[in-house]
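# Coordinates in review
Chain residues, written in single-letter form:
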Amino acid sequence: MSKIDNNKIASSSVKPVGRPRKESVGMVSPATPSAVGGYAGWENVGPSVIEARNGAFAALFETSGLECDFGAMTDDEEQYTTTFTGQDGRAYKHKYVNWGADNLMPVYVTDKIGKDETAASSLNTLKNICYGGGVSICLDKGFDDEKQVYTPEQLAARQTAEEFFVGNDLSMLTLQQAKNIKTFAWDLTVIVLSRDGKTITDIYSRDVEEVRLHPHMTVDVKYGDDLLRRGTIPFAYYGKFNCQRAGDIKNVEVIRLLDERNPLRDLRVKMGVAADPRTGAKMQIKERKFGILRRVPTVEKRFYPIPPYAGVLKGHWYKIKHQIEKSLLAKIQNTAQIRYLVQIHPQFWALKAKEENITLGPDSEQGKKMIAEKKQEIIDYLCGNQNDSKPWLTTMAKSVPDGKIEDMIKITTVDTKTQGGDWAEDISESCNMMCYGFGVHPSLVGAVPGKTGNNTSGSDKRELHTIAQAAEASSRNIMMMSYYVVLNYMGWYAQGVRAHIPFMQLTTLDEHKSAKEVDLSN
C-alpha cells in the first residue's frame, strides 16, 4: 500500500477539486497547513493524489474465522493519513486514529456478536435496561410535584423543551446513545445551531461504528477563526470507513468536537456567549455544527475505549460454545433417526397371498406388487401425527417344532433420544459464562443459570432487574451530558427544566400493573 507524501502535498500548488464552495450552516472551512508540529493540517489536493486502495476487503469475510484483537491499537495512537471527499464535493487530506490495526475493529466486534445468540441477546438486554423508560423532560426534581406550584414561565419552558426533543425524535436519540455506549463504550452526539448561534435547532446521535476521531492535539493551532487547543480531539469524521480498508471515502461529515471535559463552556466560548477563560476575549466563530464526545473509562486505556465484555470475545468460552454447537449440528445431520423396528414373519406374505388368491414366486409380478403395497401401508400407519395412539391388529402363528406362539408382525420402538446429550450441561455452562462476561444474569435473557437446571423465582427476577438498572447509573449519567448542554444553552435549565431517565421498578401482582416509576431524587 502506497503512502501519501505529506511534504509533497503541502508544497504543491494544486487547485481545489470540485465546484467553488459556498459557506453554509454547519460546514467546516479548510485550513492552511500549519508550520507548527503535531497537526497534519488540511488542504485541497488534486485528483492525482487520490489513490484507489480498496484492497481485498471482500475476501476478508470469506475466511472461516475473524479474530477480534482488541489489543491491536498501539498506545501511541497509530495514525492513518489519507484523502476523502467531503460533503461539499471537494477532496481533503486528513488524519485520524485507526480503530484497530486495520481500522476494522467495529466490523470484527459486530460480526462476532451477530454470530452468537447469547451475546446478541445479552447486549440487547443491556441496551434496553440502559434506555429504561426513556428520557423524561420534567421540572425541578425527577418528577413533577403535584403539591408544588410552578410559574407560567416554568411551565412554558418545559413545554418548549418537550416540543424541541420530541421534534428531534427523543426516543430514537436515547436508544441510539444507549446502543453506542453499551456496544462500543463511547458515543458521539451532534448538535446544530441556528445561523446567529443563539439557539440549538437539531440534536442527533451518530453510529459510532462509522466514526473515526482525529488524534489529540499536541500544540495549540490556529484553524480559521477557531483555535485547536492542545490536548483536545478537534474533529470527528462520519463516513463509510467500514466499507473499505482505505482510499477515497466519499461524503464524509466533518464534525467539530467540543471540549470533552467541559462541552458547555466550550460551546459558549465559541458562540461568543462567554469569554475565553484563557484570553478573556469574546468572539463568535463561523462553525454551527458541533459534536459532544463521551467516552466511558475502561480498564484498558485506549484511544477508542475497549468495552467491558471484550474478555468474552477474546476468551475461550466463546470458542467452546461454538465448537459444541458445530459438533451437535454435525451429529444431527449425519445420524439416521430410526423410530420403529418392524419385523414380519415369513408366513405373513403366504397368508396374504392366499387371501387375495395371488401366487408368490420370484417371477410373480402380482406377488411383488402385493408385498410392496403392504409394506407401504405399515409405514403410512406408523408415521405421521394423525396416526398417534391407534391400535395395531395382527394375526398370530404357532411354531410347529416347539409350539410357541409367534406374531406375524412385531413392532419395537427404538430409543429416539438425540445423541450429544452429554454436552447439555456444558452448553448451559458456556451460556452462563457468556452472560457473566456481559454482566447480565442469565435469568434476564432466558438462559439457564449454571449447571443445576433450576431457574429463579419471580421475586428474584424483580430484584435482578432492579440491580441491573442501578448498575446503569454511570452509563446514563454519561448520556445525560448532551441533554444538560442543550437545556443550559437554551436557558431552560435556569427555569427548572431537567432531563432524566426514570427508574423503572417491576411490581407484584397485587399492584395490578407491570411496572412503576420510582423517584430517587430525595
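Residues numbered from 1 in each chain as written. Predicted model: local features only at pLDDT ≥ 70, side-chain atom pairs only at ≥ 80, totals over all residues. Heavy atoms only, no water.

## Things to note about the overall build of the chain
Looking only at helices and strands, the chain features 15 helices and 18 strands. Residues classed as buried in the chain amount to 43% of the 522 residues present. (Helix = DSSP H or I, 4+ residues; strand = E, 2+ residues; numbered from the N terminus. Buried < 20%, exposed > 50% of the residue type's maximum accessible area, 1.4 Å probe, protein only.)

## Points about helix α7 (residues 263–270)
With respect to burial, α7 is a largely interior element, 6 of its 8 residues being buried. Looking at α7, one finds that the buried residues are Pro263, Leu264, Asp266, Leu267, Val269 and Lys270. Phi turns positive, to about 75°, at Gly272, one or two residues after α7.

## Digging into the environment of Asp187
The residue Asp187 is located in strand β4 (residues 186–193) in this model. Residues Asp187 and Met479 lie 292 residues apart in sequence; the distance between their C-alpha atoms is 8.1 Å. In contact with Asp187, not counting residues within four places along its chain, are Gln176, Gln177, Asn180, Ile181, Ser205, Val208, Ile292, Leu293 and Arg294. Of note is the side chain of Asp187, whose polar atom sits 2.8 Å from the side chain of Ser205. (Contact = heavy atoms within 4.5 Å. Polar contact = N/O pair within 3.5 Å; in protein donor to acceptor, adjacent residues only side chain to side chain.)

## Side note on the side chain of Thr118
Among the structural elements, Thr118 can be located in helix α4 (residues 117–131). Leave out the neighbours within four places in its chain, and Thr118 touches Lys321, Cys431, Met434 and Cys435.

## Some points on the pattern of salt bridges
One pass over the full model with this rule turns up 19 salt bridges. The salt bridge involving Glu253 is made with Lys289; its shortest N-O contact spans 2.8 Å. On the criterion of sequence distance, the pair formed by Glu253 in strand β10 (residues 249–257) and Lys289 in strand β11 (residues 289–295) is long-range, its members being 36 residues apart. On the accessibility criterion, Glu253 (2% relative accessible area) is buried. The partner of Glu356 in a salt bridge is Lys374, with the nearest N and O atoms 3.6 Å apart. With Glu356 in the loop between α10 (346–355) and α11 (365–382) and Lys374 in helix α11, this pair connects stretches of sequence that are 18 residues apart. Take Glu356: its relative accessible area is 38%, and that puts it in the partly exposed class. The network of salt bridges with common partners includes Asp116, Glu117, Lys321 and Glu325. (Salt bridge = Lys/Arg side-chain N within 4 Å of Asp/Glu carboxyl O.)

## A short note on unusual backbone geometry
Within the chain, Asp169 stands out as a residue other than glycine whose phi angle is a positive 55°. The topology assignment puts Asp169 in the loop between α5 (152–167) and α6 (170–184). A relative accessible area of 39% places Asp169 in the partly exposed class. With phi around 65°, Ala185 is a residue other than glycine that occupies positive phi space. Tracing the sequence through the fold places Ala185 in the loop between α6 and β4. Classification of Ala185 by relative accessible area gives buried; the value is 1%.

## Details of a nonpolar patch on the surface
On the surface, Ile338, Leu341 and Val414 cluster together into a nonpolar patch covering about 240 Å² of accessible area. Considering the arrangement of structural elements, one finds Ile338 in the loop between α9 (316–333) and β12 (340–344). Look at Ile338 and you get exposed, because its relative accessible area is 52%. (Patch = residues over 30% accessible without salt bridge, like charges linked within 9 Å, V, L, I, M, F, W, Y side chains within 5 Å. Areas by Shrake-Rupley, 256 points an atom, 1.4 Å probe, with all protein chains shown as cover.)

## What about the environment of Gln284?
Relative to the helices and strands, Gln284 is located in the loop between α7 and β11. Along the sequence, Gln284 and Met271 sit 13 residues apart, while their C-alpha atoms lie 4.4 Å from each other. Beyond its immediate sequence surroundings of up to four residues, Gln284 is in contact with Asp196, Gly197, Asp225, Lys270, Met271 and Gly272. Within the local environment of Gln284, its side chain forms a polar contact with the backbone oxygen of Asp196, the two atoms lying 3.2 Å apart. Separated by 2.8 Å, the side chains of Gln284 and Arg288 make a polar contact.

## Here's the deal with the environment of Pro346
If you trace the backbone, Pro346 turns up in helix α10. Once the C-alpha coordinates of Pro346 and Ile409 are considered, the two residues, 63 residues apart in sequence, prove to be 9.6 Å apart.

## Re the nonpolar core
Core analysis: the biggest nonpolar cluster contains 39 residues, and Ile191 and Leu267 have the highest contact counts within it. Examining the composition of this core, we find that 9 residues originate from one element, helix α15 (residues 473–489), more than from any other. Other than its neighbours up to four places away in sequence, Ile191 contacts Ile200, Asp202, Ile203, Leu258, Leu267, Arg288, Lys289, Phe290, Ile292, Val485 and Val486. Within the second largest apolar cluster, 30 residues are counted, among which are Val109, Leu213, Ala236 and Ile255. (Core = buried A, V, L, I, M, F, W, Y, C linked by side-chain atoms within 4.5 Å.)

## Examining the pairing of β4
Most of β4 is tucked away: 8 of the 8 residues are buried. Every second residue of β4 is oriented toward a common face, with Trp186, Leu188, Val190 and Val192 on one face and Asp187, Thr189, Ile191 and Leu193 on the other, all of them buried. With 7 bridges joining them, β4 and β11 adopt antiparallel strand pairing. Of the residues in β11, the one forming a bridge with Trp186 is Arg295. (Pairing = 2+ DSSP bridges.)

## Here we look at the packing of α9 against helix α12 (residues 424–438)
The contact between α9 and α12 brings their axes to 9 Å, and the two run at 145°. Two packed elements cross with a definite hand, and for α9 against α12 that hand is left-handed. Contacts between α9 and α12 involve Trp317, Tyr318, Lys321, Ile324 and Leu328 from the former and Asp426, Ile427, Glu429, Ser430, Cys431, Met433 and Met434 from the latter. (Axes fitted to C-alpha atoms, helices over the stretch in contact; angles between N-to-C directions. Left-handed = near helix turned anticlockwise from the far one by under 90°.)

## What to know about α6
Here α6 contains 15 residues, and its C-alpha end-to-end distance of 21 Å stays within 8% of the 21 Å for a straight helix at 1.5 Å per residue. Of all 15 residues in α6, 12 are buried; the element is thus mostly enclosed. Looking only at α6, the buried set comprises Leu170, Leu173, Thr174, Gln176, Gln177, Ala178, Lys179, Asn180, Ile181, Lys182, Thr183 and Phe184. Phi for Ala185, located one or two positions after α6, is positive at around 65°. (Expected span 1.5 Å × (residues − 1).)

## Comments concerning the packing of aromatic side chains
Scanning the entire structure with this criterion turns up 13 aromatic pairs. An angle of 40° between the planes, with centres 5.6 Å apart, marks the rings of Phe165 and Tyr483 as tilted. Taken as a pair, Phe165 in helix α5 and Tyr483 in helix α15 lie far apart in primary sequence, 318 residues in all. Residues Phe303 and Tyr304 carry aromatic rings whose centres are separated by 5.2 Å and whose planes lie at 80° to one another, so their mutual orientation is edge-to-face. As far as the burial class goes, Phe303 and Tyr304 line up, both buried. One aromatic cluster is present, formed by Trp99, Phe184, Trp186, Phe303 and Tyr304 through successive ring pairs. Lying over the aromatic face of Tyr238, Arg206 brings its terminal NZ or CZ to 4.2 Å of the ring centre. Positioned above the aromatic ring of Phe303 is the side chain of Arg295, whose terminal nitrogen or guanidinium carbon lies 5.5 Å from the ring centre. (Phe/Tyr/Trp six-rings, centres within 6.5 Å; stacked < 30°, edge-to-face > 60°. Lys NZ or Arg CZ within 6 Å of the ring centre and 35° of its normal.)

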